Amino acid sequence: MKRALLWLFAFVFLFQGLQAQSIQSPEAVFGFQMGADRKLINWEQIVSYFRMLDEKLDRVQVVDLGKTTLDRPMIMAIIGSEEAIRNLEKYQSIQHQLARPFDLNEQKAQDLIEAGKLFILITLNIHSSEIAASQESVELAYELATRTDAGAQKILDNVIILLVPSLNPDGQDMYTKWYLEHVGTEHEGSRMPYKYHHYADHDNNRDWFFFNLVESQHVARVLYHDWYPEIVMDQHQMGSSGARLFLPPYSDPVNPNVPPSLMASVNMLGKHVVADLHDQGFRGVVTGTIFNAFFEGTMSKTPLWHNRVGILTEAASVRIASPIYFPKTSLRGMGLDLPEYEQQTNFLDPWPGGWWRLRDIIEYEKAATYSILDLAATYKEKFKRNFYRLNREAIQAGEEEAPFAYVVPRQQHHPNNAIEMLRRLRYANVDIYQIQTDMTATNGLYEPGDYFIPLAQPSRAYIKDLLEIQQYPNLREYPGGPPRQPYDVTAWTLPLQMGVEVVKLDKPLSPDMTRVTEPELRIDIENITSGWLAAERRHNHSYRLINDLLKSDFEVFELTAPSGNFERGTFLFQVNDPQVETVRKKSAAYEVPLHSIQPADTQKKKPLQMARIAIYTPWISWAYDEGWLRLVLDNFGFDYTRVYNSDFKGGGKFEDFDVLVFGSQGTDWIVVGKPKDRPEATVGEPKLPDKYVGGIGNAGVQKVKQFMVEGGTVLFFGRACNFAIEKLRLPAQNTLRKVKREDYFAPGSIFELNLDVSSPLTYGMQEIAHVYKNRPVVLKLKSYNREIRETGYFGDRNLLKSGWAVGERKLHNKVALAEIPVGKGRAILYAFRPQHRGQTYGTFKLIFNALYLGR
């Protein structure tokens, strides 16, 4: 019997070896080693290689996650032992039970932990300019799928790897083509001047709790619905001139909602990798600087709030695929925790300098990946038990500690926003219920149809972090010094951003309720009949409906005065009998209730049409406002045209537009395409092609002035207010323009703003709004020969509602939203971000209301 088993094992081993030998390596297929100087493979090549692995090897299964924003395939490779791939459903079932252990006893949990595999999600190339990880993907998959050594077998016996070769295939393809097109020219290694994600560019790694982007939505299913990986590793690149690789521990501050034991696991894993890399001779590895884990919203960090280990790696960059030589004296420190490029506790072995190549990045990242996989395999049960334990503890905490639940009342001023917020929570598999009978709590009476979010669930930390107020610590660079710059922003409270009423329950309640998998706003469409219909502007989705109707050749009007139960600005349109069914379907699809209105109540109205919108699109990919604005306008059915520097300098016909929008950019960036104090490029630095260099120029400034004089409306967001004041000479002053950081600092915070609801710009809004500010811009208006509207203004106390602010008093009694007439047109200055990352649903109307014309 023993001899027969030995022969069987030998046969299996021989078969696996022969199968692996039949597969060509990436180097053999593509003709060069991955990471070779000035060589790249594109997305089509990457996908084809992964499909070949799937077809020919039993260790690999490729799944299609869906289509990207620009309709490319997005894939994930599942890699494990032959046995694991055969029994994926079994291991997936174990993950589901441990991730949601509501009724799981300890013995059953232990049995599942012992029987299961550890799942690790490895995501690559979210930022397309950080190209190395996409090239690494095929080599890493090939090795994991073909290696037969004991180390690989140990990993595959204990771990199932979920490998996403690129979180942004569109950008991977664009950047590869851009680079290869310019190899051998003076433009080799230059940055691509347009966004590598159609909407978000680099901000695609800030979308991981809001899920605006389809790529984020695809991976959310992997994370929170289908596979529940216990460890997440996200590979990035950073600046070139400092450390060679960053790994956790992260820098301060610590988010209080993340379990301390989980952060200890993150620290342990990061330090293990650092030790492994030192043992293998890798130099220049740093920890504990720049990158913190307070902000929720990045791919590597958001899983922390779901009881997963989240590991970010950041490798020093090259010029896409072109190597860089670093003299020792060119190397520098990295943030406040590594002020000088010299040995210290978190930077034990500085890299001495020399050539740095794309291949070096792949070697560092692969070594870190294998170290994580080996530790995960060694301590499979420990990681799985911790995951189960933290999920159980979250459920228990929700049963024993306040807050016990949040209620989202069905009756809201912005009903669509409430449903949108709940949908965002569902992307992350938050359990949501609807109350079925009246429920009395200490802070109110709740009705059937109100939404109930219990905190006794595994995602307790995630729910709290998104729905409560952020209180960022007052960190300074040194005692008494200036505020310490956070890694990203300091506030993201969804109810404030979205204008949604949410009630916290500090006493336990067990209402009669039913679970909701797809939150919706149910609309009574049977009352829609022929005649005049009204759509209230407080419904954000009314704008989607009205834009659809206008494109379908309906005549649309707005009330110019209150009439009956309807406020000024209410949308009106008339429906005949054949149109009723069509309008009913649109009302249900857009979740907008329509109300009959008597003809006598429609006398005070004016016809409405969509403005012809132009959005300034600079050749600067990190001008994020432009992209997020396009996403919002696309989602709500507004048509627009993108205009570029050349349109301002000469050939553009601005008489074809009614509205022009400038996203948040500094004056010099708009006018000349760079800050005035930026030094000229040194010899050897790559150059952009001439057509992508510069800004709108002085001719463009004059064209913007003329556009307003002739009747156009120009919207200026955030820092673009400075351009409006300094170059267009509008009668306003930014009182924060030269204020030091010690005196005013608000790095992504939410403030309370008073609105003048008599302005058409505020139709559908209440008197108080919450606005997102991350730049030092606030307005003091000057005397003028015409009436200026101070449409949004700050009060004189308690303005900060979430996040961190130093010197709030400098906002007191200042203006944040101003309407200034210029000639036949006007300028609208927004001293905040009304569409911040596509999340601030509560202030979208302040944009939308400027995008219609009354005939």
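Below is a summary of the structure that appears in this document. Please read these numbers as outputs of a predicted model, since none were measured by experiment. Each chain carries its own residue numbering, running from 1 in the direction its sequence is written. The model is predicted, so local features are restricted to residues of pLDDT at least 70 and side-chain atom pairs to those at 80 or more, both for listing and for counting; the totals for chains, interfaces and linings are taken over all residues. Hydrogens and water molecules were not included; the side-chain quantities draw on all heavy atoms of the structure.

**Thoughts on the overall build of the protein chain**
At step 1: In this description a helix means any DSSP run of H or I spanning at least four residues, a strand means any run of E spanning at least two, and both kinds are numbered starting from the N terminus. Each helix and strand counted, the protein chain has 24 helices and 35 strands in total.
At step 2: For the radius of gyration, the atom set is restricted to C-alpha positions; the globular benchmark scales as 2.2 Å times the number of residues to the power 0.38. In terms of C-alpha radius of gyration, the protein chain reaches 28 Å, essentially the compact-globule figure of 29 Å for 855 residues.
At step 3: Dimensions of the protein chain along its principal axes, counting C-alpha atoms only, are 95 × 70 × 60 Å.
At step 4: Residue burial in the protein chain is summarised as follows: out of 855 residues, 62% are buried.
At step 5: Pairs of residues are marked as contacts when any of their non-hydrogen atoms sit within 4.5 Å. Within the protein chain, residue pairs in contact and separated by at least 24 positions form 80% of the contacts whose partners lie at least 6 positions apart. Each residue's exposure class comes from its accessible area (1.4 Å probe, protein chains only) as a fraction of the maximum for that residue type: buried when under 20%, exposed when over 50%, partly exposed otherwise.

**Regarding the sheet that holds strand S22 (residues 605-610)**
At step 1: We treat two strands as partners when DSSP finds at least two bridges between them. One open sheet holds the six strands; their spatial order is S21-S18-S20-S19-S22-S35, and the pairing between them is antiparallel. Since the sheet does not close on itself, it has two edges, and those belong to strand S21 (595-596) and strand S35 (852-854), each with one partner.
At step 2: Here four bridges tie strand S19 (residues 556-559) to S22, and the two strands are oriented antiparallel to one another. Directly across from Phe 557, in S22, lies its bridge partner Pro 607.

**As for unusual backbone geometry**
At step 1: Here the residue pair Pro 248 and Pro 249 is connected by a cis peptide bond, since its omega of 15° sits within 30 degrees of zero.
At step 2: Here the residue pair Ala 402 and Pro 403 is connected by a cis peptide bond, since its omega of -5° sits within 30 degrees of zero.
At step 3: Its location among the elements puts Pro 403 in the loop between helix H13 (380-400) and strand S11 (405-408).
At step 4: Even without glycine at this site, Asn 125 takes up a positive phi of about 60°.
At step 5: Here the phi dihedral of Glu 591 falls at roughly 60°; this positive angle occurs in a residue that is not glycine.
At step 6: Within the secondary structure, Glu 591 is located in the loop between helix H18 (580-590) and S21.

**Re the sheet that holds strand S8 (residues 309-316)**
At step 1: If you walk across this open sheet you meet the eight strands as S1-S2-S4-S3-S5-S8-S6-S7, and the pairing is mixed. Strands with a single pairing partner mark the edges of an open sheet, and in this sheet they are strand S1 (60-67) and strand S7 (285-287). Going across the sheet, the axis of each strand differs from the next one's by a mean of 20°, ignoring polarity.
At step 2: Only the stretch in contact is used when a helix axis is fitted, and all axes are lines through C-alpha atoms; the angle between N-to-C directions ranges over 0 to 180 degrees. Of the strands in this sheet, S1, strand S2 (73-79), strand S3 (118-124) and strand S4 (159-164) are in contact with helix H5 (residues 88-99), which crosses S3 at around 95°.
At step 3: On the sheet, helix H8 (residues 150-158) packs against S2, S3 and S4 and is oriented at approximately 90° with respect to S4.

**Comments concerning the packing of helix H7 (residues 132-146) against helix H12 (residues 358-378)**
In a pair of packed helices, the angle between the axes and the distance between the axes together describe the arrangement.
At step 1: Axis separation between H7 and H12 bottoms out at 10 Å; the angle between their running directions is 50°. Between H7 and H12, the angle falls in the class oblique. Crossing hand, H7 versus H12: right-handed. For the pair formed by H7 and H12, the contact residues are Ala 132, Gln 135, Glu 136, Glu 139, Leu 140, Glu 143 and Leu 144 on the first element and Leu 358, Arg 359, Ile 361, Ile 362, Glu 365, Lys 366, Thr 369, Tyr 370 and Leu 373 on the second. The cut-offs work like this: below 35 degrees is roughly parallel, past 145 is roughly antiparallel, 65 to 115 is roughly perpendicular, and the gaps in between are oblique. Note: crossing handedness is left-handed where the near helix turns anticlockwise from the far helix by less than a right angle, and right-handed where it turns clockwise.

**Quick notes on H13**
At step 1: In a regular helix each residue adds 1.5 Å, so 21 residues correspond to 30 Å; H13 covers 30 Å between its end C-alpha atoms and thus fits that length.
At step 2: Within the sequence span of H13, burial applies to Lys 380, Phe 383, Lys 384, Asn 386, Phe 387, Tyr 388, Leu 390, Asn 391, Ala 394, Ile 395, Ala 397 and Gly 398. Here the expected length of a helix is defined as 1.5 Å per residue gap, with one fewer gap than residues.

**As for the packing of aromatic side chains**
At step 1: Whether two aromatic rings pair depends on their centres lying within 6.5 Å, for rings of Phe, Tyr and Trp, where Trp uses its six-membered ring; planes under 30 degrees apart make the pair stacked, over 60 edge-to-face, and the rest tilted. Applying the stated criterion across every chain yields a total of 49 aromatic pairs.
At step 2: Between Phe 751 and Phe 794, the ring centres sit 6.4 Å apart and the planes meet at 70°, which makes this aromatic pair edge-to-face. Residue Phe 751 is found in strand S28 (residues 749-755), and its partner Phe 794 is found in the loop between strand S31 (789-793) and strand S32 (800-802); the two are separated by 43 residues along the sequence. With respect to burial, Phe 751 and Phe 794 carry one shared label: buried.
At step 3: By the ring-pair criterion, three or more aromatic residues cluster together here, those being Phe 210, Tyr 543, Phe 571, Phe 636, Phe 638, Tyr 841, Phe 844, Phe 848 and Tyr 852.
At step 4: Taking the ring centre of Phe 326 as reference, the NZ or CZ of Arg 244 above it sits at 5.1 Å.
At step 5: Whether a charge lies above a ring is judged from NZ of Lys or CZ of Arg, which has to be within 6 Å of the ring centre and within 35 degrees of the ring normal. Looking at Arg 244, its charged tip hangs above the ring of Trp 356, at a distance of 4.7 Å from the centre.

**Let's talk about the packing of helix H3 (residues 43-56) against H7**
At step 1: One can describe the packing of H3 onto H7 by two numbers: an axis separation of 10 Å at closest approach and a directional angle of 10°. With respect to their mutual orientation, H3 and H7 come out roughly parallel. In contact with Ile 46, Tyr 49, Phe 50 and Leu 53 of H3, H7 contributes Ser 134, Ser 137, Val 138, Ala 141 and Tyr 142.
At step 2: Each residue is assigned to one class: nonpolar for Ala, Val, Leu, Ile, Met, Phe, Trp, Tyr, Cys and Pro, charged for Asp, Glu, Lys and Arg, and polar for all the others, Gly among them. Classifying every residue of the contact of H3 with H7 by side-chain character gives seven nonpolar, two polar and no charged.

**Things to note about the nonpolar core**
At step 1: The definition of a nonpolar core used throughout is a set of buried Ala, Val, Leu, Ile, Met, Phe, Trp, Tyr and Cys residues joined through side-chain atoms within 4.5 Å. Formed by 266 residues in total, the largest nonpolar core has its most connected members in Phe 662, Phe 716 and Leu 829.
At step 2: Apart from the residues lying within four places of it in its own chain, the contact partners of Phe 662 are Tyr 616, Phe 648, Ile 670, Val 704, Val 714, Leu 715, Phe 716, Phe 717, Ala 720 and Phe 723.

**Let's talk about the pattern of salt bridges**
Pairs may arise between side chains of opposite charge once their charged atoms sit close together.
At step 1: Salt bridge, as used here, is a side-chain nitrogen of Lys or Arg placed within 4 Å of a carboxyl oxygen of Asp or Glu. For the structure on display, the rule yields 50 salt bridges.
At step 2: Linking Glu 139 and Arg 359 is a salt bridge whose minimum nitrogen-to-oxygen distance equals 2.8 Å. Here Arg 359 lies in helix H12 and Glu 139 lies in helix H7, a separation of 220 residues in the sequence. The same class applies to Glu 139 and to Arg 359, which are both buried.
At step 3: Of the charged contacts in the structure, one is a salt bridge between Glu 591 and Arg 423, with a shortest N-O distance of 2.7 Å. Within this pair, whereas Glu 591 is found in the loop between H18 and S21, its partner Arg 423 is found in helix H14 (residues 415-427), the two being separated by 168 residues in sequence.
At step 4: In this structure Arg 423 comes out as partly exposed when scored by relative accessible area, which is 25%.
At step 5: Each of Glu 139, Glu 143, Arg 359, Glu 363 and Lys 366 takes part in one network of salt bridges that share partners.

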